[in-house]
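Residue-level structural notes
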Amino acid sequence: MEPYLFRPHDPDLEGMQRAIAAAWCARRSVSPRPWVGAAVVPAGVDPSVGPVYTGATDGRTGPHAEVNALAAAGDAARGATLYCTLEPCSHHGTTPPCADAIIDAGIARVVVALVDPDPHVAGAGLDRLGAAGIAVEVGTCADQAEAQLAPYLAHRRTGRPWVVLKLAATLDGATAAPDGTSQWITGAEARLDAHGLRADSDAVLVGAGTVRADDPRLTVRSALGEPATEQPLRVVLGAAPPGAAVHPALEVDGPLEDVLDDLGQRGVLQLLVEGGATVAHAFHTAGLVDRYVMYLAPALVGGDDARGMFAGQGAATLADVWRGEIVSVRRLGADVRLDLEPVRADAEDRPAVAHPPLVATES
């Protein structure tokens, strides 16, 4: 057991944590808008005690998080501090500028986790607040907000989706037995979690070979097998046979970079790649995977004739082996979910990846 470490109380940390928690409520209902959270802490109030007024982005056309938090606070917003996971906008989009609403509400101080890389914002919101005499600070809980908003940030910075490659295997790396059977390698809890990955994604992609072999639906379903109200775009790399369960689907072809550019233009922020092994190998060797999610079952095929996670030529020598960093490990029933990412230059300074609270969802 680790010894208890005393940490001084930090009101800004407390306030931003409330905003981050609020943002999770919008995670699956607002894309391609960012799932932002905000918290208003009245003057003289300790955010660990309250009252604290929170808000999140409301759907795909409704008010932004800041406006919802200000509405909840009412007159208590005057002279208060506003915490926001992403820079408030300063332009007219689907809603009026949040910066104007903050100024009109009489907020005295704004603490922002991240500057918005969207070219329509990109610091203009902070400049507008500063010009109005509001004290502005940036960077509180930036790493947590970066992890929470990773798909949105990747899309705005590159024009492409954030790519998640999902793999399920035995501990010795088998994704199917020699005879091709693969259902089910993992247990019910891991499979339900994988449906949560689909619910988090704007599109799910598989190869045409997987469609022919497994005829997957690629839909988000509940533990009872009921389909969710909203479904991700289903994408097939190649041509799906007529009558396949994946239809209606978007059929794509050509270089993977072009596929990602096209999906980015369609507003796909997160793309979930579900296979098969040839498609997984193609995305991996091209360096196009932002997050690897591996579900590992406590099972062993015990030979060298099973099907592996990747189909194609691997590293010729140990010096050429791809090495990433493990950012999250979670137990799901008898199985384990392991999340990996390519190593970044600031890897040593990065905290463990935050996950949303476990709540009842359609996934």
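Bear in mind the structure is a predicted one, so any value in this text is a computation, not a measurement.

Reading across from one edge, β9-β8-β7-β10-β6-β11-β13-β12 is the order of the 8 strands in this open sheet, with mixed pairing throughout. Across the chains shown, the open sheet's two edge strands, defined by having one partner strand only, are β9 (250-252) and β12 (324-332). The average undirected angle you get between the axes of adjacent strands in this sheet is 25 degrees. Note: β12 against strand β13 (residues 335-342), 8 bridges, orientation antiparallel. Paired with Arg-331 across the strands is Val-336, a residue of β13.

On to the packing of helix α2 (residues 65-73) against helix α3 (residues 98-105). One can describe the packing of α2 onto α3 by two numbers: an axis separation of 9 Å at closest approach and a directional angle of 20 degrees. With respect to α3, the axis of α2 lies roughly parallel. Judged by the twist between their axes, the crossing of α2 over α3 is left-handed. In this structure, α2 contributes Glu-66, Val-67 and Leu-70 to the contact, and α3 contributes Cys-98, Ala-101, Ile-102 and Ala-105. Along the lines of polarity and charge, the residues of the contact of α2 with α3 split into 6 nonpolar, no polar and 1 charged.

So, how was this worked out
Residues numbered from 1 in each chain as written. Predicted model: local features only at pLDDT ≥ 70, side-chain atom pairs only at ≥ 80, totals over all residues. Heavy atoms only, no water. Pairing = 2+ DSSP bridges. Helix = DSSP H or I, 4+ residues; strand = E, 2+ residues; numbered from the N terminus. Axes fitted to C-alpha atoms, helices over the stretch in contact; angles between N-to-C directions. Parallel < 35°, antiparallel > 145°, perpendicular 65-115°, else oblique. Left-handed = near helix turned anticlockwise from the far one by under 90°. Contact = heavy atoms within 4.5 Å. Nonpolar A, V, L, I, M, F, W, Y, C, P; charged D, E, K, R; others polar.

Worth remembering: the numbers are spatial, not functional.
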